[in-house]
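# Report on the structure
Residues per chain are reported as follows:
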Amino acid sequence: MGIMVPCRMRNGYCLTITEDTAIGGTDQEEKMMHGGQKLVIIGRGGAGGPAAILAKKLMPQVEVTIVGEEDRFIVR
Amino acid sequence: MAGLATVQSITNPSEMFDKAGVANISARATAIDAVSKIVRLSDGRSLRYDKMILSTGARPFVPPIEGTDVRGVFFLRTANDAMKIREHLETERPRNLVGIGAGFINLETFSLLVESKPEAYKIGIVEVLDHPLPLMLDAEMAAGVTQRLSEKGFALRMGRRVSRILGRNGSVCGVELDDGSRMEADLVLISAGAKPDLELAVQAGLKLGRFGVQVNEFLESSNPDILAAGDCAEKVHYLTRRPVPSQLRGPAVIQGRLAAKRLAGYAIPFPGVLNNCAVRLFDLYVAATGLTEKCARAEGFDAFSVRTVSRTKHGMIAGAKPWTLQLVFDRRSQRLIGGQIVSEGETAVKEIDAINALILGNKTIGDLTTLISAGHPDCSSEPSLEPIAIAAENALQRLRGS
């Protein structure tokens, strides 16, 4: 188990992540998204749908858009 | 297709995205300008992005045989495909249904159709490999599946290839096999695998692997601002660490969530796939994970298997159903590398998740002999018949005797 580390993000909200699952070093700023940025997800199937919902939950100040061609899609 | 569930009940409603605060656009993404970081859509709009998750999915593999475009020949990938097949069933009332491929999509589809209208259909299945569910089960475990499908009237043509699909007046009327024999068909369902939809990935200049967009363990592609997840992303097998085809919903969901977490600051690696899956064929429940013995040998493992039969309830409880477990081990490391279940009861089939976890935990034969399961007379065998530990005991004895 890692140590809980509050991670202050540019957009002002806190994300609590554990030390052993946090992106380390100089990579962090480049790889993480920040408030006001735009995330576009292409595809609304098995991966795209969950990605969109969780992304918005974890990063409420990121603008999340999902794009899909079909109105309906199998989720089995 | 069998009328057992509505399309609405098996699809993610748009409101789900609305409620979550996700902007939901129904259009086709036609182009990605990876330099300007812009996506162009079929409705004329363009979207700027800072990060992108590419989850374009997969398309059915169309085998290179004559007649795949004839009316009455279908592939099943989306709800729209299912609705088209259902419409054909209702309007054309086909009697002879032929499946190309004996994987779980064809077998489950046809078993549900037969269950829904037992006298309406005659089913034929053609499979290149020598038994049903060849990617899930070794031949010995598949024998029970073959028997049950045959009892239900399925005509199984294993080890045969369809050389062409026959049409009459623009509609399908049969298939011709590589031995020259023919099967009558009013509907053909082709399930010969899926291939990742890579059109946008290619256009965006992403590096591709043999089975999809190349990604690292954090699902990051060769472009630092584009992650790929699900069927379009290449996955490595947990045990072999080699790329494998894997178009299942389980890994897609987990990869989608993992990509979101990565962008939110987590560094959790994707462990690789074991391609665990389950299927119901009439009253048989079948599940598998990891490598079959045959695949393991092909991958260079010194593999051997043990099988044991258990029951879904304690012996004193009425209604106990038998189930068979096969575990595959690597002789050199003694690690568990695969598991298969064929059960006449539904409770046993989820034991595959325990086996999956044991593989991911790199457990050995010795570890498994000490496995202690929660038991209950109504939903498991007696502790003395707990099949994972029993199978491991058998493996232990096999090793001593070898």
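The structure under discussion appears in the preceding block.
Computed from a prediction, not measured in an experiment: that's the story for all the values here. (Residues numbered from 1 in each chain as written. Chains lettered and ligands numbered in written order. Predicted model: local features only at pLDDT ≥ 70, side-chain atom pairs only at ≥ 80, totals over all residues. Heavy atoms only, no water.)

### Considering helix H2 (residues 48-58) of chain A
The buried count for H2(A) comes to nine of eleven residues, which makes it a mostly enclosed element. Those residues of H2(A) not exposed but buried are Gly48(A), Gly49(A), Pro50(A), Ala51(A), Ala52(A), Leu54(A), Ala55(A), Lys56(A) and Leu58(A). (Buried < 20%, exposed > 50% of the residue type's maximum accessible area, 1.4 Å probe, protein only. Helix = DSSP H or I, 4+ residues; strand = E, 2+ residues; numbered from the N terminus.)

### Considerations on the side chain of Gln247(B)
All names here are of chain B. Its location among the elements puts Gln 247 in the loop between strand S20 (243-244) and helix H6 (249-263). For Gln 247, a relative accessible area of 18% puts it in the buried group. A polar contact is formed between the side chain of Gln 247 and the backbone oxygen of Asp 231, at a distance of 3.4 Å. (Polar contact = N/O pair within 3.5 Å; in protein donor to acceptor, adjacent residues only side chain to side chain.)

### Brief notes about the layout of surface pockets
Residue and element names in this part refer to chain B. Estimated volume of the second largest pocket: approximately 290 Å³. Taken together, 21 residues form the lining of the second largest pocket, with Glu 351, Ser 373, Ala 374, Ser 380 and Glu 386 sitting closest to its centre. Those elements that provide at least two residues to the lining of the second largest pocket are strand S23 (303-311), helix H8 (346-349), helix H9 (351-360) and helix H11 (387-401). Broken down by element, the lining of the second largest pocket gets its largest block of residues, three residues, from H11. Split into classes, the residues belonging to the lining of the second largest pocket amount to eleven nonpolar, seven polar and three charged. (1 Å grid on protein atoms, 1.4 Å probe; cavity = no way out; pocket = protein on both sides within 12 Å on 5 of 7 lines; lining within 4 Å. Points joined across faces, edges and corners; volume = space filled by probe spheres on them. Nonpolar A, V, L, I, M, F, W, Y, C, P; charged D, E, K, R; others polar.)

### Quick notes on helix H4 (residues 139-151) of chain B
All names here are of chain B. For H4, built from 13 residues, the straight-helix expectation of 18 Å at 1.5 Å per residue is met to within 8% by its first-to-last C-alpha distance of 18 Å. Buried residues of H4: Met 141, Ala 142, Val 145, Arg 148 and Leu 149, and no others. Taken down its axis, H4 places every buried residue within 115° of arc, on the same side. For H4, the exposed residues lying more than 90 degrees away from the buried face are Gln 147 and Glu 151. At the exit of H4 stands Gly 153, carrying a positive phi of roughly 95°. (Expected span 1.5 Å × (residues − 1). Arc of directions from axis to C-beta.)

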